[in-house]
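Summary of the model geometry
So you can see what is in the structure, the chains are spelled out below.
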Amino acid sequence: LPYTDVSFSTDGRFIATASVDKALRLWDARTRTEIASSMAHDSSVTCVQFAQHSSNLLASGGGDKPLVRVWEIKEEGAEVVLGELTVLAGHWAYVTALAF
């Protein structure tokens, strides 16, 4: 599975990966297991970046339309969920890098 980008949360708890299969995946850094994912992008996810000020916020970009999606990591008991906060549209080409 070709990954296109990886980002580590500032507290070291999470790893986020972007991949060509349209998936944004969230991993537990300690156990190295996938704990959440989203297939919200319509094409390859080209980049992912955690916010510098919060380990629970991240953004992903891709070639679909093209858009940037902003996510919140929600811990609901033992379950971890990626909740989409907003979509930033208006980019004229693929989003290939993020700083957040």
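First, a word on what this report is: a plain description of the structure on this page.

Conventions used here
- Residues numbered from 1 in each chain as written.
- Predicted model: local features only at pLDDT ≥ 70, side-chain atom pairs only at ≥ 80, totals over all residues.
- Heavy atoms only, no water.
- Pairing = 2+ DSSP bridges.
- Helix = DSSP H or I, 4+ residues; strand = E, 2+ residues; numbered from the N terminus.
- Axes fitted to C-alpha atoms, helices over the stretch in contact; angles between N-to-C directions.
- Salt bridge = Lys/Arg side-chain N within 4 Å of Asp/Glu carboxyl O.
- Buried < 20%, exposed > 50% of the residue type's maximum accessible area, 1.4 Å probe, protein only.

A separate point is the sheet that holds strand E5 (residues 45–50). The sheet built from four strands is open, its strands ordered E5-E6-E7-E8 with antiparallel pairing. Each edge of the sheet is formed by a strand with only one pairing partner; in this case those strands are E5 and strand E8 (79–88). Averaged over all neighbouring strand pairs, the angle between strand axes comes to 25 degrees, with direction disregarded. Taken together, the nine bridges between strand E7 (residues 68–76) and E8 define a ladder with antiparallel strand orientation. Residue glutamate 76 lies in a different strand from E8, and its bridge partner there is glutamate 79.

What follows concerns the sheet that holds strand E3 (residues 24–28). In a beta sheet, neighbouring strands pair by backbone hydrogen bonds and run either parallel or antiparallel. Ordered by their spatial adjacency, four strands build an open sheet running E1-E2-E3-E4, and the pairing between neighbours is antiparallel. Each edge of the open sheet is held by one strand with a lone partner, namely strand E1 (3–8) and strand E4 (33–38). Across the sheet, the axes of successive neighbouring strands diverge by a mean angle of 25 degrees, strand direction being ignored.

Let us now look at the pairing of E5. In terms of strand pairing, E5 meets strand E6 (residues 57–62) through five bridges, oriented antiparallel. Bridging from a neighbouring strand, valine 45 pairs with glycine 62 of E6. Between E5 and E6, which follow one another and run antiparallel, lie six residues.

Summed over the entire model, instances satisfying the criterion amount to four salt bridges. Here glutamate 34 and arginine 25 are joined by a salt bridge, their closest N and O atoms 3.4 Å apart.

To continue, consider unusual backbone geometry. For lysine 22, which is not glycine, the phi dihedral falls at a positive 75 degrees. Residue placement: lysine 22 occurs in the loop between strand E2 (14–19) and E3. What makes lysine 22 partly exposed here is its relative accessible area of 37%. One non-glycine residue, arginine 32, lies in positive phi territory at about 60 degrees.

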